[in-house]
Amino acid sequence: MERRAHAMLFPFPCSGHINPTLKLAELLHSRGVYVTFVNTEHNHERLLRTAGGLRGREGFRFESVPDGLSEEDRRSPDHTVKLYLSLRRSCGAPLAALARGLIGEREGVPPVTCVVLSGLVSFALDAAEEAGVPAFVLWGTSACGFVCTLRLRQLRQRGYTPLKDESYLTNGYLDTPIDWIAGIPPVRLGDISSFVRTLDPQCFALRVEEDEANSCARARGLILNTFEDLEPDVLDALRAEFPRVYTIGPLAAAMHSAHGHGHGAAGLSLWEEDAACVAWLDAQAPGSVLYVSFGSLAVLSLDQLEELAWGLAATGRPFLWAVRPGLVAGDRGADALPEDFLAATRGRCFIAEWCAQEQVLRHPAVGGFLTHSGWNSTTESILSGVPMVCWPGFADQYINSRYTCGDWGIGLRLDEALRREQVAAHVEELMGDTGRAREMRRNAARWKAAAEAATAPGGSSYESLRRLVEELRVGDA
Ligand code: UDP
């Protein structure tokens, strides 16, 4: 008799990794796979509070491992670096023991047949090896983002990075054409990643990104939150290096296909969702509202915040802006908005700390999205058929916005140095009734349909997930 496939999933402990991994866990579970979701003890209680529904399901269990971080390090400004290093030191052995069924709940639990990890926890590949089971990596960016991260090493070896001095950030050097990355059309050096902007030959973040991406070659398969029609060339090129690539996205649509609704049962959110913003949207005209959000990590300077705020004010259009605590440098939030701004935009502006973004983007009142081009935000926008104004600032956000505004034809890109006039002009162009605006809306509707088709039964992402589940069962043999 065939044994049940049992996937043990372990994400890097931040919401950007936990949430997509949890969605994948639910998808696998919906296809009959037994799931163990491993979290760090620090986040565990908080996650269980929102994931209570999953906890009670047959064949879905949660386990936790210590992250090894001292309270002092947890509060330090570079806590993510400290967390990355401490996980490598502390988590390998408990993960291997969990995978081998030596610790944790054991009654009625079938043997682990595979480990699925997110990016940044490549040490879990060793734990899988030690337990004698195959590993799969869910890399949370686009395929183009992943390939560009892989190529950071060649950029360094060919002398493009690190930059020689500060002047290279503004002297046009970042416009240097790069046309030798297989699967990627000619792009500007600056579009490849934020990491090409480093001046430091030892840049820790650059080395980590590059090492983590390249270590995926050790996994049996690579899972991406994208779909075939969206990135065909880059996926072809990627498969020359990674024979088993599973494109199962957009994850939000795949969840819809599996459960008949857009949401997974749970996620880890650091902030309360403001339900009032949806009621506010209900009262707005269809397609009239610009939604503005920069995800969970971006930090704006006070100058940037001012330019944005006055740019938005100048449009005269209604907008919903997610201003989370910490969005503004100095650990500030909405309190840092310019003094007269709220008065100037009264009646057409809603400031929320945090909102149910997928629901907001699907709301008929929302006609545009001013985004930092994080990959989750980008796919959620594509899935909702909403065109974007892009202002990337970190990691893969640059290449995501290059594709959004280039090949996919659904966005306008703001310059790195934010100016209120350009913010207003781009928002007008996106939301207005010009030929270009209409074309972007048509393209966005086309991509929405393509994303839905990919995740519907028989679609490429649906089939890819089926193949992945089959492959996970192979671990049984
Ligand atoms: N998000 C949300 N409410 C907000 C702002 C963001 O739920 O007010 C979610 C959004 O739906 C997305 C995630 O936060 O799933 C942000 O992920 P992304 O990859 O876009 O950016 P990151 O936070 O990793 O920079």
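Residues numbered from 1 in each chain as written. Predicted model: local features only at pLDDT ≥ 70, side-chain atom pairs only at ≥ 80, totals over all residues. Heavy atoms only, no water.

**Let's talk about the nonpolar core**
And step 1. Core analysis: the biggest nonpolar cluster contains 97 residues, and Leu222 and Leu320 have the highest contact counts within it.
And step 2. Once you skip the residues sitting within four places of it in the chain, Leu320 turns out to touch Cys277, Trp280, Leu281, Val289, Leu290, Tyr291, Val292, Phe350, Ala352 and Val360.
And step 3. Ranked by size, the runner-up nonpolar core spans 33 residues in total, among them Leu24, Ala25, Leu54 and Leu138. (Core = buried A, V, L, I, M, F, W, Y, C linked by side-chain atoms within 4.5 Å. Buried < 20%, exposed > 50% of the residue type's maximum accessible area, 1.4 Å probe, protein only. Contact = heavy atoms within 4.5 Å.)

**A word on the environment of Leu22**
And step 1. Counting through the fold element by element, Leu22 comes out in helix H1 (residues 15-30).
And step 2. Here Leu22 falls in the buried class, since its relative accessible area comes to 1%.
And step 3. Along the sequence, Leu22 and Ser401 sit 379 residues apart, while their C-alpha atoms lie 26 Å from each other. (Helix = DSSP H or I, 4+ residues; strand = E, 2+ residues; numbered from the N terminus.)

**Let's talk about the sheet that holds strand S15 (residues 411-413)**
And step 1. Strand order in the open sheet formed by six strands is S12-S11-S10-S13-S14-S15, with parallel pairing between adjacent strands. Lying at the two open borders of the sheet, with one neighbouring strand each, are strand S12 (349-352) and S15. Neighbour-to-neighbour, the strand axes of the sheet open up by a mean angle of 15 degrees, direction not taken into account.
And step 2. Both strand S13 (residues 366-371) and strand S14 (residues 388-390) contribute to a ladder of three bridges, which runs parallel. (Pairing = 2+ DSSP bridges. Axes fitted to C-alpha atoms, helices over the stretch in contact; angles between N-to-C directions.)

**Observations regarding unusual backbone geometry**
And step 1. A cis amide bond, omega -5 degrees, links Thr161 with the succeeding residue Pro162.
And step 2. Looking at the secondary structure, you find Pro162 in the loop between helix H9 (152-157) and strand S6 (177-178).
And step 3. Across the junction of Gly249 and Pro250, the peptide omega takes the value -10 degrees, indicating a cis bond.
And step 4. Secondary-structure assignment places Pro250 in the loop between strand S9 (245-247) and helix H13 (251-259).
And step 5. Non-glycine residue Asp331 carries a positive phi angle of around 60 degrees.
And step 6. Turning to its location among the elements, Asp331 is positioned in the loop between strand S11 (319-322) and helix H16 (341-344).

**Examining the site of the ligand**
And step 1. Looking at the ligand, there are 15 residues lining it, with Ser296, Cys355, His372, Ser377 and Glu380 nearest.
And step 2. The backbone of Cys355 places a nitrogen or oxygen atom 2.6 Å from a nitrogen atom of the ligand.
And step 3. Interatomic distance of 3.0 Å between a side-chain N/O atom of His372 and an oxygen atom of the ligand.
And step 4. Contact with the protein chains hides 85% of the accessible area of the ligand, taken as 540 Å² for the molecule alone.
And step 5. Every element with two or more residues in the shell around the ligand is listed here: strand S10 (289-293) and helix H18 (375-384).
And step 6. Among the elements that make up the shell around the ligand, the one with the highest residue count is H18 (four residues).
And step 7. Along the lines of polarity and charge, the residues of the shell around the ligand split into six nonpolar, eight polar and one charged. (Near = heavy atom within 4 Å. Polar contact = N/O pair within 3.5 Å; in protein donor to acceptor, adjacent residues only side chain to side chain. Areas by Shrake-Rupley, 256 points an atom, 1.4 Å probe, with all protein chains shown as cover. Nonpolar A, V, L, I, M, F, W, Y, C, P; charged D, E, K, R; others polar.)

**Details of a nonpolar patch on the surface**
And step 1. Taken together, Val81, Leu85 and Phe204 make up a surface patch of nonpolar side chains, about 210 Å² in accessible area.
And step 2. On the secondary structure map, Val81 appears in helix H5 (residues 79-90). (Patch = residues over 30% accessible without salt bridge, like charges linked within 9 Å, V, L, I, M, F, W, Y side chains within 5 Å. Salt bridge = Lys/Arg side-chain N within 4 Å of Asp/Glu carboxyl O.)

**Some details on the packing of helix H8 (residues 143-150) against helix H11 (residues 204-215)**
And step 1. Running from N to C, H8 and H11 point in directions that differ by 110 degrees, and their axes come no closer than 8 Å. Considering their axes alone, H8 and H11 lie roughly perpendicular with respect to each other. In this structure, the crossing between H8 and H11 has a hand that is left-handed. Contact with H8, carried on its side by Phe146, Thr149 and Leu150, involves Glu209, Glu210, Ala213 and Asn214 of H11 and no other residues of that element.
And step 2. Each residue belonging to the contact of H8 with H11 can be placed in one class, and the counts come to three nonpolar, two polar and two charged. (Parallel < 35°, antiparallel > 145°, perpendicular 65-115°, else oblique. Left-handed = near helix turned anticlockwise from the far one by under 90°.)

**A word on the pattern of salt bridges**
Pairing is possible between side chains that carry opposite charge, provided their charged atoms lie close to one another.
And step 1. In total, this model carries 32 salt bridges according to the counting rule given.
And step 2. Of the charged contacts, one joins Asp126 and Arg218 as a salt bridge, the two residues approaching to 2.7 Å between their closest N and O atoms. Here Asp126, found in helix H7 (residues 123-131), pairs with Arg218, found in the loop between H11 and strand S8 (221-224); they are 92 residues apart in sequence, far enough to count as distant.
And step 3. Overall, Asp126 belongs to the partly exposed group, its relative accessible area being 39%.
And step 4. Owing to a relative accessible area of 44%, Arg218 belongs among the partly exposed residues under this scheme.
And step 5. Between Arg244 and Glu471 there is a salt bridge, and its shortest N-O distance comes to 3.5 Å. In this pair, Arg244 is assigned in the loop between helix H12 (232-241) and S9 and Glu471 in helix H22 (residues 460-474), connecting sequence segments 227 residues apart.
And step 6. For Arg244, a relative accessible area of 37% corresponds to the partly exposed category.

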